[in-house]
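# Analysis of the macromolecular model
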Amino acid sequence: MAEGRKFEYLETMMDDEIARLGVLVSEVDRPVQPPLPRYATGIMPPGLTEEEALRRALEDSATQPCGIEEEDFADLPPFIIVAEGAFVLLCVTLDGSDYHFVYSARGNPTGKKKNKPSLHLLPDPKPAVEAFESQQFGILPLGSDEHYAVAFLDHRWDSRGNAWVYRAYVFSSKTKAWKKSRDALLRLSESDRLLFDKHASSKQITVGGNSLGWVDLLRGIILLSNIFDDERPVITYIPLPAEKVCITDKHGYPHYAPEYFCDVVCCDDGLIKFVEVDFEDPDCRANGKAWKATTWHRKVSWDDWHKVRTIDVADISVDPRYSALLFPNLLSDDKKQELELKNLFYLNPTLNVRGDDDLLYMLAKVDEGDAAAWVLAVDMKHVALQALVPVST
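So, here is what we can say about the structure in this document. Quick caveat, the model's predicted, so the values are computed rather than measured.

All right, on to unusual backbone geometry then. Cis geometry marks the peptide bond from K126 to P127, where omega comes out at -5 degrees. Within the secondary structure, P127 is located in the loop between β6 (118-122) and β7 (138-141). A positive phi angle, close to 55 degrees, is found at K176, a residue other than glycine. Along the polypeptide, K176 turns up in the loop between β9 (163-172) and β10 (177-180).

What follows is about a negative patch on the surface. On the surface, D98, D124, E130 and E133 cluster together into a negatively charged patch. Tracing the backbone through its elements, the reader meets D98 in strand β5 (residues 97-104).

Glancing now at the packing of aromatic side chains. Both the distance between ring centres and the angle between the ring planes are used here to describe each pair of aromatic rings. Summed over the entire model, instances satisfying the criterion amount to 18 aromatic pairs. Consider the rings of F87 and Y148, whose centres lie 5.3 Å apart with planes at 50 degrees: the pair is tilted. Of this pair, F87 sits in strand β4 (residues 87-94) while Y148 sits in strand β8 (residues 148-158); the two residues are 61 residues apart in sequence, bridging distant segments of the chain. In terms of burial, F87 and Y148 fall into one category: buried. Clustering of aromatic rings is evident, with ring pairs tying together F132, F137, F152, Y169, F171 and W178. Looking at R193, its charged tip hangs above the ring of W157, at a distance of 4.2 Å from the centre. Residue placement shows R298 over the ring face of W305; its charged tip is 5.8 Å from the ring centre.

Examined bridge by bridge, β7 and β8 share four bridges and lie antiparallel to one another. Across the sheet, the residue bridging to L140 is A149, located in β8. In this sheet, β9 lies alongside β8 in antiparallel orientation, the contact comprising ten bridges. By the bridge assignment, D154 is partnered in β9 with R167. In this structure, the hairpin formed by β8 and β9 is closed by a connection of four residues, where N162 is found at a positive phi of approximately 50 degrees.

In space, the four strands of this open sheet follow the order β16-β17-β18-β19, with antiparallel pairing throughout. Edge strands, defined here as strands with exactly one partner in the open sheet, are β16 (262-266) and β19 (306-312). Direction aside, the axes of adjacent strands within the sheet are offset by 15 degrees on average. For strand β18 (residues 291-298) and β19, the ladder comprises six bridges, and the chain directions are antiparallel. Bridge pairing in β19 links T294 to T310.

The rules we used
- Residues numbered from 1 in each chain as written.
- Predicted model: local features only at pLDDT ≥ 70, side-chain atom pairs only at ≥ 80, totals over all residues.
- Heavy atoms only, no water.
- Helix = DSSP H or I, 4+ residues; strand = E, 2+ residues; numbered from the N terminus.
- Patch = residues over 30% accessible without salt bridge, like charges linked within 9 Å, V, L, I, M, F, W, Y side chains within 5 Å.
- Areas by Shrake-Rupley, 256 points an atom, 1.4 Å probe, with all protein chains shown as cover.
- Salt bridge = Lys/Arg side-chain N within 4 Å of Asp/Glu carboxyl O.
- Lys, Arg positive; Asp, Glu negative; His and termini not counted.
- Charge placed at Lys NZ, Arg CZ, Asp CG, Glu CD.
- Phe/Tyr/Trp six-rings, centres within 6.5 Å; stacked < 30°, edge-to-face > 60°.
- Buried < 20%, exposed > 50% of the residue type's maximum accessible area, 1.4 Å probe, protein only.
- Lys NZ or Arg CZ within 6 Å of the ring centre and 35° of its normal.
- Pairing = 2+ DSSP bridges.
- Axes fitted to C-alpha atoms, helices over the stretch in contact; angles between N-to-C directions.

Here you go:
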């Protein structure tokens, strides 16, 4: 297990951006071997198994859930469902039953140990809701304090109205209770409905302070707006750009894991960004093959995505200092002393969530099985490698 090593990250690079690249970042910006899945944020020391990490969290919590002891943990490891900011929503199996917890790296807002991380049991809604069992949750930080909201959607088909009928369930850490919304309708075009019918969420985005999006990286975004309004919530379906590269078969099922090729993020101002990497050979994702990266932007109020730019890996300029220091065996020419970026193996592209610039982050390795990896930051506007940071995976 690799120990943490201290590095200086870009000022524009946020913890959740690094987390999406599979790197666990501590409170002192120390990349370490992640003891939890890739969406965890910087809360645990290196060298822990998932079960040990959760037990440590229970011990450190300001309010330990009543009746749960260490010996109650099942053989099944806990897993993370979703994370946003300082909050991680995870599932634990105890005696054959699933329990959901929210881990806060900010501490307990109401407890005595306000500066320590806290773990809180998420109660099931009463009466029971079948959609709760699907674990398609979203988590939303509430303002700048230590509170949060957890939401999920229940829906049914209304054949008379030819529309989906949605109902939102929202748990607030302020009230410690679930709230059920009024029904909201979602009508779709025939083309959007074909995508929507196969929607399978793989991540979430937050849009502004009161909207959550459930993202299917193959198809689109289900957006829940006006979460805290007393009126009906607004449900919107946003398909991904029609021009995106197809990595599915004729039935719409993927040949590859989509997170290796694309990502969706949202900026604080509500600008949604989509990035896609088109590899010449998707089976090897570079290693000497060409690739191009394309970005799109849109806001909820826009009718469609706006393509921003496309860059070719062959055109990305690289500072020779990066080449000589980190990849001496991958130099394209002894005289040029220039790193050939296409000779690397790539994973998990994502974009900067600050402003309208397109700073592309990618996790790169010399060989797919290597433990050593680097986070690359590519300035897409100027087509240049802006930073290269070693990490452990």
